[in-house]
Amino acid sequence: MSADAKDGEASSRDTGRVLGRSAWGVIAGASLALGWLAASFVTRGRINHDEGWALYAAQRLLEGELPYRDFPFYQAPLLAIVHAPAQWLWPGVETGRWASFVLSAITCALAIRLAHERGRWIAPAIAFVGLASTPLGLWSLVTTRTEPLSALFLTLAVVAITRERTTAATVGCAVLAAVLAVAARVSVAPAALFVAGYALYRLHRGSARAGEVMRAVVPAGLAALVLGAFTLAGGFARAWFFLVDVQRERHLQFEAPAAFDLSAWFGSRLDLVQSLYIEFGPAVLLALVAVFFWPLRAGWEARRGKVGEDTHALALVSGVVLLAFLPHLAPRYVYPVYFVAVLPLALVVFGWSAARIHEGTVRRFANPLPSHAALLCALVALTVLQWMRFEGQQRLWQSPDPSDLDLLRAAARVIEAEVGPEERLLTFDTYLAVEAQRRVPRGFEMSVFSWFPRRSTEDSEALGLLTNEKLGAAFTLPDVRALALSDQALGILVHRGHFGFQPRRIVDVRELESALPLLHDFELVQHFRRVGQQRAPLYLFTRRNHPTAGNALPK
């Protein structure tokens with residue numbers, strides 16, 4: 001090679017280093033911007049029913065009650081366990097969000113490290129752009145849901161199994177993280193089994209001794225035993241119903257089971273693809289394409305006897321993403337938010353894929369400066385476009401005052417003044433009880449998801465669910481001091497549906513008493529124009545001094 005060629009190659013390497021350092025500066029700035037945006041979702045993000053029942057379960061856990069055994073709980077137990085300490089220190093909805101913020105920050109740090117291992121600065125930069133494109137993803141990652149926990153443990157497990165050197169410590173970390181991921185969200189069980197099996201296979205292939213295998217398996221086994229005993233304290237049948245059956249039956253509250261329709265099933269999955277594009281942006285849709293592509297590419301290369309280490313890692317992480325998301329396609333209804341648990345790993349796969357394509361392009365040119373500069377400009381342009389797109393999505397975030405949390409706190413202060421610590425608040429908006437630190441009657445713990453009018457009285461008693469008869473009886477309970485009825489709650493009580501009573505309008509108390517005779521035993525203390533998930537009117541009633549009349553719900 002001539003001296004001029006060597007000088008040119010050295011200059012190219014120097015240019016690449018300078019651009020790499022510049023890119024890391026851009027990534028650092030993007031991290032701060034995303035951190036600020038995520039924090040704004042904590043304080044100004046839309047409130048959700050899931051936050052209420054999850055944090056209510058954490059508060060009940062602090063009082064010695066167990067989910068499944070003492071009250072209904074529709075997710076795996078780790079969600080309540082993790083949030084219980086923070087609720088003990090500072091109870092409230094915002095505390096749960098800050099706890100999720102910390103968990104998701106750790107997840108993002110792990111994902112960025114994983115992306116950098118095989119994609120240098122390109123993969124982390126692209127991952128940041130993808131994350132910036134999804135307000136739904138950011139909102140989900142900082143609210144009290146299962147997604148922050150399951151995303152953290154799935155990402156940690158993948159980081160452990162993709163290490164070049166396999167040790168008992170890394171395998172033990174991967175297996176334990178897989179167990180905890182299932183304890184956070186049951187639907188990721190196939191991906192967790194795949195991760196644990198692959199980790200143990202690598203340890204076995206490395207001629208590990210029996211002691212090393214035990215060190216890798218024992219912590220995860222102990223965690224599984226403890227969490228399993230915790231879950232099964234109320235019996236296998238109750239745990240199975242709350243963790244599996246309820247995900248299906250929740251959609252059968254108002255309608256009979258429909259026969260399977262293949263065309264309708266495919267149509268709903270096409271709608272899901274469209275929803276994923278709308279909610280998560282083009283970067284995430286391309287990530288899904290990459291996730292489907294790399295396992296096929298690895299299989300093709302395996303047949304030819306030359307699977308590269310990078311292809312192997314890409315296929316491995318893609319397989320985890322697929323196995324974690326595919327179980328969500330089984331239920332009758334699928335929501336885009338279910339994808340958030342694998343969002344960080346999907347963006348890593350997309351970043352790796354883009355980095356490989358970009359590096360292959362750069363090798364064809366003597367000077368990589370134009371290619372690197374073009375990529376940086378494209379990333380900046382895409383980020384700006386996604387932020388402009390975000391400005392139009394005000395469903396999950398509010399810029400004007402007051403925020404949902406401000407309105408919730410205002411209502412909670414009134415409830416604290418009207419309801420004593422030993423009295424109960426009857427409401428379907430459990431986040432009100434969490435913020436006011438008051439208890440709801442038995443059966444109302446899961447907010448609007450507590451109501452199962454199609455269940456028999458015997459089943460509802462055994463499982464702690466609400467039927468129409470139990471709803472009427474709850475109004476006459478002596479320790480129920482107040483009612484906090486939102487528009488959605490009135491829809492359930494009067495019209496037998498989740499669609500509201502008189503949306504966006506303050507209803508006169510006489511009209512309410514006429515529609516719901518049970519309200520004659522209570523007096524209206526205050527109404528709020530927009531509180532809670534629906535941003536709809538909320539009515540606060542307290543019991544009158546005279547005994548209850550025992551009216552029935554309208555037929």
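Quick summary incoming for the structure in this document.

Reading the values: the criteria
Residues numbered from 1 in each chain as written. Predicted model: local features only at pLDDT ≥ 70, side-chain atom pairs only at ≥ 80, totals over all residues. Heavy atoms only, no water. Buried < 20%, exposed > 50% of the residue type's maximum accessible area, 1.4 Å probe, protein only. Helix = DSSP H or I, 4+ residues; strand = E, 2+ residues; numbered from the N terminus. Pairing = 2+ DSSP bridges. Axes fitted to C-alpha atoms, helices over the stretch in contact; angles between N-to-C directions. Contact = heavy atoms within 4.5 Å. Phe/Tyr/Trp six-rings, centres within 6.5 Å; stacked < 30°, edge-to-face > 60°. Polar contact = N/O pair within 3.5 Å; in protein donor to acceptor, adjacent residues only side chain to side chain. Expected span 1.5 Å × (residues − 1). Arc of directions from axis to C-beta. Patch = residues over 30% accessible without salt bridge, like charges linked within 9 Å, V, L, I, M, F, W, Y side chains within 5 Å. Areas by Shrake-Rupley, 256 points an atom, 1.4 Å probe, with all protein chains shown as cover. Salt bridge = Lys/Arg side-chain N within 4 Å of Asp/Glu carboxyl O. Core = buried A, V, L, I, M, F, W, Y, C linked by side-chain atoms within 4.5 Å. Parallel < 35°, antiparallel > 145°, perpendicular 65-115°, else oblique. Left-handed = near helix turned anticlockwise from the far one by under 90°. Nonpolar A, V, L, I, M, F, W, Y, C, P; charged D, E, K, R; others polar.

1. Observations regarding the pairing of strand β2 (residues 480-486)
Among the seven residues in β2, six count as buried, and that is most of the element. With four bridges joining them, strand β1 (residues 424-427) and β2 adopt parallel strand pairing. By the bridge assignment for β2, Leu426 is matched with Leu483. Of the strand pairs in this sheet, β2 and strand β4 (residues 536-543) are connected by five bridges, and their pairing is antiparallel. Note that in β4 the partner of Ser486 across the bridge is Leu538.

2. Brief notes about the sheet that holds β1
Here we have four strands laid out as an open sheet, ordered β1-β2-β4-β3, and mixed in their pairing. At either margin of the open sheet sits one strand with a lone partner, and together these are β1 and β3 (522-531). Within this sheet the neighbouring strands show an average axis-to-axis angle of 20 degrees, counted without direction. With seven bridges joining them, β3 and β4 adopt antiparallel strand pairing. Note that in β4 the partner of His527 across the bridge is Tyr539. With respect to the sheet, helix α16 (residues 404-418) is in contact with β1, β2, β3 and β4, its orientation differing from that of β3 by roughly 165 degrees. Strands β2 and β4 of the sheet are contacted by helix α20 (residues 487-495), whose axis makes an angle of about 100 degrees with β2.

3. Examining the packing of aromatic side chains
A complete count under the given rule lists twelve aromatic pairs for this structure. Ring plane angle 80 degrees and centroid distance 5.6 Å describe the contact between Trp53 and Phe73, whose orientation is recorded as edge-to-face. Of this pair, Trp53 sits in helix α2 (residues 49-62) while Phe73 is found in the loop between α2 and α3 (78-89), placing the two residues 20 residues apart along the sequence. Taken individually, Trp53 and Phe73 each receive the classification buried, so the pair is uniform in this respect.

4. What to know about the side chain of Ser460
With respect to the helices, strands and loops of the structure, Ser460 is situated in helix α18 (residues 457-463). Among the residues examined, Ser460 registers a relative accessible area of 0% and is labelled buried. Of note is the side chain of Ser460, whose polar atom sits 2.8 Å from the backbone oxygen of Thr457. Ignoring sequence-local partners within four residues, the contact set of Ser460 consists of Leu465, Thr467 and Lys470.

5. Things to note about helix α9 (residues 189-205)
Under the 1.5 Å per step criterion, the end-to-end length of α9 is 24 Å for 17 residues, consistent within 8% with the ideal 24 Å. For α9, the full list of buried residues reads Ala191, Ala192, Val195, Ala196, Tyr198, Ala199, Arg202 and Leu203. Buried residues in α9, looked at end-on, bunch into an arc of 165 degrees, giving them a common side. Away from its buried face by more than 90 degrees, α9 exposes Leu193, His204 and Arg205.

6. Considerations on the environment of Val182
Inspection of the secondary structure assignment puts Val182 in helix α8 (residues 168-184). According to the relative accessible area criterion, Val182 is partly exposed, its value standing at 25%. Here the alpha-carbon distance between Val182 and Ala192, two residues ten residues apart in the chain, equals 6.9 Å. The residues touching Val182, leaving out its near neighbours within four places in the chain, are Ala76, Val188, Ala189 and Ala192.

7. Comments concerning a nonpolar patch on the surface
A cluster of nonpolar side chains, contributed by Leu62, Trp88, Leu89 and Trp90, occupies part of the molecular surface with about 570 Å² of accessible area. Mapped onto the elements of the fold, Leu62 is located in helix α2. For Leu62, a relative accessible area of 40% corresponds to the partly exposed category.

8. Brief notes about the nonpolar core
In terms of nonpolar packing, the biggest core is built from 165 residues, with Phe73, Leu154, Phe339, Leu432, Phe475 and Leu483 touching the most fellow members. For Phe339, the residues in contact, after removing those within four places along its chain, are Leu276, Phe280, Val284, Leu288, Phe325 and Ala346.

9. Quick word on the packing of α8 against α9
One can describe the packing of α8 onto α9 by two numbers: an axis separation of 9 Å at closest approach and a directional angle of 165 degrees. Between α8 and α9, the crossing angle belongs to the class labelled roughly antiparallel. In this structure, α8 crosses over α9, and the sense of that crossing is left-handed. Taken together, the residues of α9 that come into contact with α8 (itself represented by Ala168, Val171, Ala174, Val175, Ala178 and Val182) are Ala189, Ala192, Val195, Ala196, Ala199, Leu200 and Leu203. Grouping the amino acids of the contact of α8 with α9 by side-chain chemistry returns 13 nonpolar, no polar and no charged.

10. Regarding unusual backbone geometry
We note that Gln437 has phi near 55 degrees; this positive angle belongs to a residue other than glycine. The topology assignment puts Gln437 in the loop between α17 (430-436) and α18. Look at Gln437 and you get partly exposed, because its relative accessible area is 46%. The phi dihedral of Ser447 is positive, around 55 degrees, even though this residue is not glycine. Along the polypeptide, Ser447 turns up in the loop between α17 and α18.

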